[in-house]
Amino acid sequence: MASAVAAVPEALPRFKLLPRLLVGAQVLYVLGVAGAGYATTALGKAVVLAATPADLTTLKTTDFVRLRYAVATVPRTQWQGPDEPHIRQSVYVLLTSAGAPAAATVLGVYAAEPHAEAGQAVLRGWVTDVFPRTLGLRYGLERYYVPAASVLRKSTVARPLRVQVRIAPWGQSRIVEVSE
């Protein structure tokens, strides 16, 4: 009696190559993201932003706190675009005092990327609210991981914070340090 088990043909070489290529692409992506983060820290302009924690009670259940920046609400007179601003519009915020110990202030909000002089930096963001006198902005830096040894974990009162941010020449930004 012949064997009932049929021989399984060996997979074609190109089907063996596909999983290796996919894993290689994933590894390259992860290394690229990590490299971009380190490059932002190493090559970016240092800017200090004033902020306050939105709600410290969230630290009892999570390791993150939401930061409310002073530069998140700007007067509408600082809008420099050709048209009226609208919600979800990408904007470029020109900041002064890059690298100085004082918190940065907003010089203008632009629809197109402005040229930054010495002592200035451009932070990318988007419009969240448009009011008659003010604009609400977000920068993607509002969520911050609080380490276990941080003073924020022990605090119950929201005190003013100094957030040091690095802004890379290609526009990526990253929180480097948060202090009181």
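The structure displayed is predicted, hence computed values, not measured ones.

What counts and what doesn't
Residues numbered from 1 in each chain as written. Predicted model: local features only at pLDDT ≥ 70, side-chain atom pairs only at ≥ 80, totals over all residues. Heavy atoms only, no water. Pairing = 2+ DSSP bridges. Helix = DSSP H or I, 4+ residues; strand = E, 2+ residues; numbered from the N terminus. Axes fitted to C-alpha atoms, helices over the stretch in contact; angles between N-to-C directions. Domains from an automatic or database assignment. Contact = heavy atoms within 4.5 Å.

Enquirer: What is the right way to look at the sheet that holds strand β7 (residues 134-138) in this model?
Expert: Two orientations exist for strands paired in a sheet by backbone hydrogen bonds: parallel and antiparallel. The sheet built from 5 strands is open, its strands ordered β3-β7-β6-β4-β5 with antiparallel pairing. This sheet does not close on itself; its edge strands, each paired only once, are β3 (73-75) and β5 (106-110). Neighbour-to-neighbour, the strand axes of the sheet open up by a mean angle of 40°, direction not taken into account. As judged from the 4 bridges shared by strand β4 (residues 90-96) and β5, these two strands associate in the antiparallel manner. Within the sheet, the bridge partner assigned to L95 lies in β5 and is V106.

Enquirer: Which parts of the structure should I look at to understand unusual backbone geometry?
Expert: Negative phi is the rule for most residues except glycine; trans is the rule for most peptide bonds. Here the phi dihedral of R88 falls at roughly 70°; this positive angle occurs in a residue that is not glycine. Note that R88 resides in the loop between β3 and β4.

Enquirer: Please clarify how the domain arrangement of the chain should be interpreted in this entry.
Expert: Accessible area lost on assembly of the parts is the figure often given for the size of an interface. Domain assignment breaks the chain into domain 1 (2-39) and domain 2 (45-179). For domain 1 and domain 2, the distance between their C-alpha centres works out to 41 Å.

Enquirer: I keep staring at the environment of A148 and nothing clicks. Help me out?
Expert: Looking at the secondary structure, you find A148 in the loop between β8 (143-145) and α2 (151-154). In sequence terms A148 and D63 are 85 residues apart; their C-alpha atoms lie 8.3 Å from each other. Look past the residues within four positions of A148 in its chain and what remains in contact with it is R153 and K154.

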